[in-house]
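One-letter residues, chain by chain:
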Amino acid sequence: MFDGLTEEVEQNVADRTRELARANQELGNEIADHRRTEERLSQLAAIVESSDDAIIGMALDGTIVSWNAGAESIYGYSPSEVVGRPINILVPPDQPDEIPRILESLKQGEKIRHSETVRLRKGGERIDVSVAISPVKGAKGKIVGASAIDRNITERKNAEERFYKAFHANPEPITIATVSEGRYVDVNESFLRLTGY
């Protein structure tokens, strides 16, 4: 009688031990997955924070929710000065505010093309920026916000303007043409006077 009972108890203990070992293994796998996810998030946060570009997170109503060191460098505002404020504080008052339209397009799932625009730094200085805006999706795939990556291109624009002025003011005829087709891309004023075009 005790032999049968002992055998049954031993079998139950063995089954329960296997279940506990399996549960322990699953828990270990989940912990390892969680650690890998934390490591990836930490790496992504370090990339965002170390970027020279402004990386700005915003809610769908345009409220700034995150502001990296690049944004602080480009715009001059610290995170505590802008988080919770509307993104349109960066839009010059004499310029149409395209941000609500862009956010509405994102909500509709439309792609936003890369653009160049003018923004304001703290203190009112105007700067030229290249802007890329992307949707931010929540865990269930629903769009919950947007991220803007802004790059200060003021120096590049100024260099282009200096080149354009020097190119067109040069007394020598100058052309820019494609090599493959030999088509003119641009010509200066001297070239036009010389050729009569």
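Structural notes, computed from the coordinates. (Residues numbered from 1 in each chain as written. Predicted model: local features only at pLDDT ≥ 70, side-chain atom pairs only at ≥ 80, totals over all residues. Heavy atoms only, no water.)

Side note on the environment of Ile 143
Argument step 1. In this fold, Ile 143 is placed in strand S5 (residues 143–152).
Argument step 2. When sequence neighbours within four positions are dropped, the list of residues in contact with Ile 143 reads Leu 60, Leu 106, Gly 109, Pro 135, Val 136 and Lys 137. (Helix = DSSP H or I, 4+ residues; strand = E, 2+ residues; numbered from the N terminus. Contact = heavy atoms within 4.5 Å.)

A few points about the packing of aromatic side chains
Argument step 1. Scanning the model with the defined rule gives three aromatic pairs in all.
Argument step 2. Arranged with centres 5.8 Å apart and planes meeting at 40°, the rings of Trp 67 and Tyr 75 form a pair that is tilted.
Argument step 3. Residue Trp 67 is classed as buried on the basis of its relative accessible area, which comes to 7%.
Argument step 4. Their ring planes at 25° and their centres at 5.7 Å tell us that Phe 163 and Phe 167 sit as a pair that is stacked. You can see Phe 163 and its partner Phe 167 sitting in helix H5 (residues 154–169), four residues apart, about one turn around the helix. (Phe/Tyr/Trp six-rings, centres within 6.5 Å; stacked < 30°, edge-to-face > 60°. Buried < 20%, exposed > 50% of the residue type's maximum accessible area, 1.4 Å probe, protein only.)

Structural notes on the nonpolar core
Argument step 1. With 24 residues, the main nonpolar core has Ile 56, Trp 67, Tyr 75, Tyr 77, Ile 87, Leu 90 and Ile 133 as its most contacted residues.
Argument step 2. Those elements that provide at least two residues to this core are strand S1 (54–59), strand S2 (64–67), helix H2 (69–75), helix H4 (99–107), strand S4 (126–137) and S5.
Argument step 3. In contact with Ile 56, other than residues within four places in its own chain, are Ile 64, Ser 66, Trp 67, Ala 71, Tyr 75, Ile 87, Leu 90, Ala 146, Ser 147, Ala 148 and Asp 150. (Core = buried A, V, L, I, M, F, W, Y, C linked by side-chain atoms within 4.5 Å.)

Here's the deal with H5
The α-helix winds at 3.6 residues per turn, so residues separated by three or four positions along the chain end up facing the same way.
Argument step 1. In this model H5 runs 22 Å from its N-terminal to its C-terminal C-alpha over 16 residues, within 8% of the 22 Å that 1.5 Å per residue would give.
Argument step 2. By the burial criterion, the buried members of H5 are Thr 154, Phe 167 and His 168. Projected down its long axis, H5 carries its buried residues within an arc of 155°, all on one side. Exposed residues on H5 whose side chains face more than 90 degrees from its buried face are Glu 155, Arg 162 and Ala 169.
Argument step 3. Along its buried surface, H5 packs onto S4, S5, strand S6 (175–177), strand S7 (184–187) and helix H6 (189–195). (Expected span 1.5 Å × (residues − 1). Arc of directions from axis to C-beta.)

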